[in-house]
Amino acid sequence: MKTLLAPANSWLLVSLAIFSLYVALPAFIYFYIDHNQYMLLLAGVSGVGLAAIIAGYHLPLIDRLIYRQRYRRPINARIVHVTIWMAFTIFVAVTLLTADSVPVLSALGSSTADQLSQERAGFLKLRTGWEAALPYFSTVFVGVLLPYSTTRLFAERSAFRFLALAVFIAYTLLSLEKILFILAVAPLTVFVTQYYRDARRIFAALAAIAVLSAGVLYLNTVLASGTDYFVQEDHEATELGELGDEEGETARHTGAASYFDIRHRPDSAVKLILWRSIAVPVITAADGLRVFEEQFEGRHLLGATSSLVARVTGQQRVNFDAVVFGDQFGSAATGRANAVFFIEAFINFGWVGVIIFSLIVGQALRLFARSDDLAFQCMWVVFCWFIFTGGLFGTMFSNGFLLMFIAMLTINALPRVESEAATESATPSAA
């Protein structure tokens, strides 16, 4: 685990994940399950991107900026923590006071899956007027500021570290947004494996993280499913049982064969978690390529999928994720079909875009590995989470990683944390 999650080996773990999920699995689906040409195209696009990520990580383009220590401005880490958490407290207060409803509270009542879906969208995504800024603040807090501060508080053995973690996870549960809590526990997992020396402490910490993650994930999945999701599954199963032997067997066979179809409905929370983790990312990515060909006739969007790029270039914004979701489910009012960053790169700039975006990702992973900031090193898993579940534009601009990269190159948070509790173990050197 220590070697696997090391920041210096991030490129290898990312490569294995991309190859397994976006190269090998789509190819297998195409050749053995469904001759969907977009699955084969997805495997090709991902293969090219994978090669570019590996090349980007090993190119020393960013090294000169990393090692120019004299240009980095020192700042007290306590000021950083206080600023982040005070601003977050104000943000949460404003969000709750202006919200029509809180999804997690509604889920504890008798809300259905459709009602909760509407409430999740209304909680932040569909805000209007000045409140439209709240989703952007949320993504920056959850995506960058809170993971960094929480991890650093654990590295510093702050008395507030567990309180910070609890508050962070509690906020991710408010809107019942999938497994957003992973942004809290993932960098801590890297921290534990890399900077704890004692094997028993490592095992105990990882066990606690695993139990916490499993519990929160299961709870979130059950609550977000509402009171009717699995009830509907039971009703459908009953209907299958009432069919004749031949008809029932045909229906069951069809259901099993449609596992890699977005309309597939798992019949339990555990199966739902597995399906969303394995099948949905591949389905969504392939559907994105199909929608690009069918509805946009293969004309590259040249950055129009990003509101910032569209505004700068004078283009009309294309909410591609909403278009794909609408194609899948018939309505794009609230849902978004987020796909791995290769899709955004391809639909905007073609094969050249895939290569350039992937080279940037490789350089970002190199920056994580070569940084001397312990908490920042652990953030590589958060960055990878975002590029696997969305585009590079959103990760850099909306989620705030561009600002974080700039900060890491220009600011030196003091006292520097380079070991467990600042005393026990040295920061591993990047390979």
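Residues numbered from 1 in each chain as written. Predicted model: local features only at pLDDT ≥ 70, side-chain atom pairs only at ≥ 80, totals over all residues. Heavy atoms only, no water.

S.K.: I tried to follow the overall build of the protein on my own but got confused; where do I start?
M.R.: A tally of regular secondary structure across the protein gives 20 helices and two strands. Evaluated residue by residue, the protein yields a buried proportion of 49% over its 431 residues. Look at the contacts in the protein between residues 6 or more apart in sequence, and 73% of them connect residues 24 or more apart. Accessible surface, the protein: about 20800 Å² in total, of which carbon and sulfur atoms supply 64%. (Helix = DSSP H or I, 4+ residues; strand = E, 2+ residues; numbered from the N terminus. Buried < 20%, exposed > 50% of the residue type's maximum accessible area, 1.4 Å probe, protein only. Contact = heavy atoms within 4.5 Å. Areas by Shrake-Rupley, 256 points an atom, 1.4 Å probe, with all protein chains shown as cover.)

S.K.: It is not clear to me how the pattern of salt bridges should be interpreted in this structure. Could you clarify?
M.R.: When their charged atoms lie close together, side chains carrying opposite charge are able to pair. Taken as a whole and judged by the stated rule, the model has ten salt bridges. The partner of R127 in a salt bridge is E131, with the nearest N and O atoms 2.9 Å apart. By the burial criterion, R127 is buried, and E131 matches it. R152 serves as the salt-bridge partner of E156, at 2.8 Å between the closest nitrogen and oxygen. The exposure class assigned to E156 is partly exposed, which follows from its relative accessible area of 28%. A single salt-bridge network, built from bridges that share partners, covers D287, R290, E294 and D327. (Salt bridge = Lys/Arg side-chain N within 4 Å of Asp/Glu carboxyl O.)

S.K.: Help me understand the nonpolar core in this model?
M.R.: Note on soluble globular proteins: their nonpolar side chains tend to be buried together. Counting residues in each nonpolar core, the largest one holds 117 residues, and the members touching the most others are F191, F320, I343, L365, F383, F401 and F405. A per-element tally of this core places helix α16 (residues 341-370) first, with 14 residues. In this view, F191 contacts T151, F154, A155, Y196, L374 and C378; residues no more than four positions away in its chain are not counted. In this structure, I262, L272, A279 and I283 belong to the second largest nonpolar core, which totals six residues. (Core = buried A, V, L, I, M, F, W, Y, C linked by side-chain atoms within 4.5 Å.)

S.K.: Please clarify how the packing of aromatic side chains should be interpreted in this entry.
M.R.: Centre distance and the angle of the planes are the two values used to describe a pair of aromatic rings. What the rule picks out here adds up to 30 aromatic pairs. With centroids separated by 5.8 Å and ring planes inclined at 90 degrees, the aromatic side chains of W85 and F88 adopt a geometry described as edge-to-face. A residue pair is termed a helical-turn pair when its members lie 3 or 4 positions apart in one helix, as W85 and F88 do in helix α4 (residues 77-98) at three residues. Taking 5.7 Å as the distance between ring centres and 50 degrees as the angle between the ring planes, the aromatic pair formed by F368 and F383 counts as tilted. A residue pair is termed long-range when its members are at least 10 positions apart, and F368 in helix α16 and F383 in helix α18 (residues 380-389) qualify at 15 residues. Judged on exposure class, the residue F368 and its partner F383 are both buried. Three or more aromatic residues joined by ring pairs make a cluster, and in this case those are F368, F376, F383, F386, F401 and F405. (Phe/Tyr/Trp six-rings, centres within 6.5 Å; stacked < 30°, edge-to-face > 60°.)

S.K.: Sorry if this is basic, but what is going on with the environment of V23 here?
M.R.: Mapped onto the secondary structure, V23 falls in helix α1 (residues 10-33). V23 sits 19 residues away from L42 along the chain, and the two C-alpha atoms are 7.2 Å apart. Non-local contacts of V23, meaning those with residues more than four positions away in its chain, are made with I18, A43, S46 and G47.

S.K.: Before we go on, may I ask you to explain the side chain of D372 in this structure?
M.R.: Within the secondary structure, D372 is located in the loop between α16 and α17 (374-378). Looking at D372, its side chain comes within polar contact range of the side chain of R72, at 3.2 Å. (Polar contact = N/O pair within 3.5 Å; in protein donor to acceptor, adjacent residues only side chain to side chain.)

S.K.: Got a minute to help me understand the side chain of S138 in this structure?
M.R.: On the secondary structure map, S138 appears in helix α7 (residues 134-155). For S138, a relative accessible area of 8% gives the class buried. Apart from the residues lying within four places of it in its own chain, the contact partners of S138 are F91, L124, G143 and Y171.

S.K.: For this particular structure, what's the right way to read the environment of I387?
M.R.: Residue position: I387 is located in helix α18. In the structure, I387 is positioned 49 residues away from N338 in sequence and 9.9 Å away in space, judged by C-alpha atoms.

S.K.: Mind showing me how you'd approach a nonpolar patch on the surface here?
M.R.: Taken together, the side chains of L308, V312, F397, L402, L403 and I406 present a nonpolar region at the surface, about 540 Å² in accessible area. Those elements that place two or more of their residues in the nonpolar patch are α14 (307-313) and α20 (401-410). The greatest single-element share of the nonpolar patch, amounting to three residues, is contributed by α20. Note on placement: L402 falls in helix α20. Under the relative-accessibility criterion, L402 is labelled partly exposed at 32%. (Patch = residues over 30% accessible without salt bridge, like charges linked within 9 Å, V, L, I, M, F, W, Y side chains within 5 Å.)

S.K.: What am I meant to see in α1 here?
M.R.: It helps to recall that an α-helix has 3.6 residues per turn; residues three or four apart then point in one direction. Over its 24 residues, α1 runs 32 Å from end to end, which matches the ideal 34 Å to within 8%, given 1.5 Å per residue. Maximum bend of α1: about 35 degrees, positioned at F19. If you check which residues of α1 are buried, you get S10, W11, V14, S15, I18, L21, Y22, V23, L25, P26 and I29. Here the buried face of α1 lies against α2 (37-58), α13 (269-295), α16 and α18. (Expected span 1.5 Å × (residues − 1). Bend = angle between axes of the 7 residues up to and from the residue.)

S.K.: Explanation requested: α16 in the structure shown.
M.R.: In a regular helix each residue adds 1.5 Å, so 30 residues correspond to 44 Å; α16 covers only 23 Å between its end C-alpha atoms and thus falls short of that length. Maximal helix bending in α16 amounts to about 140 degrees, located at F349. Counting buried positions along α16 gives 22 out of 30 residues, so the element sits mostly inside the fold.

S.K.: Would you explain unusual backbone geometry in this entry?
M.R.: Excluding glycine, most residues fall at negative phi; most peptide bonds, likewise, are trans. Look at R157: it is not a glycine, yet its phi comes out positive at around 55 degrees. Its identity is not glycine, yet L302 carries a phi of approximately 55 degrees, on the positive side. With respect to the secondary-structure elements, L302 resides in the loop between α13 and α14.

S.K.: Whenever I open this one, the packing of α2 against α13 confuses me. Can you help?
M.R.: Two packed helices can be described by the angle between their axes and the distance between those axes. Where α2 meets α13, the axes come as close as 9 Å, and the angle between the chain directions of the two elements is 105 degrees. By the angle between their axes, α2 is roughly perpendicular relative to α13. On α13, the residues that touch Y38, M39, L41 and L42 of α2 are V282, I283, A285, A286, L289, R290, E293 and E294. Residue composition of the contact of α2 with α13, grouped by class: nine nonpolar, no polar and three charged. (Axes fitted to C-alpha atoms, helices over the stretch in contact; angles between N-to-C directions. Parallel < 35°, antiparallel > 145°, perpendicular 65-115°, else oblique. Nonpolar A, V, L, I, M, F, W, Y, C, P; charged D, E, K, R; others polar.)

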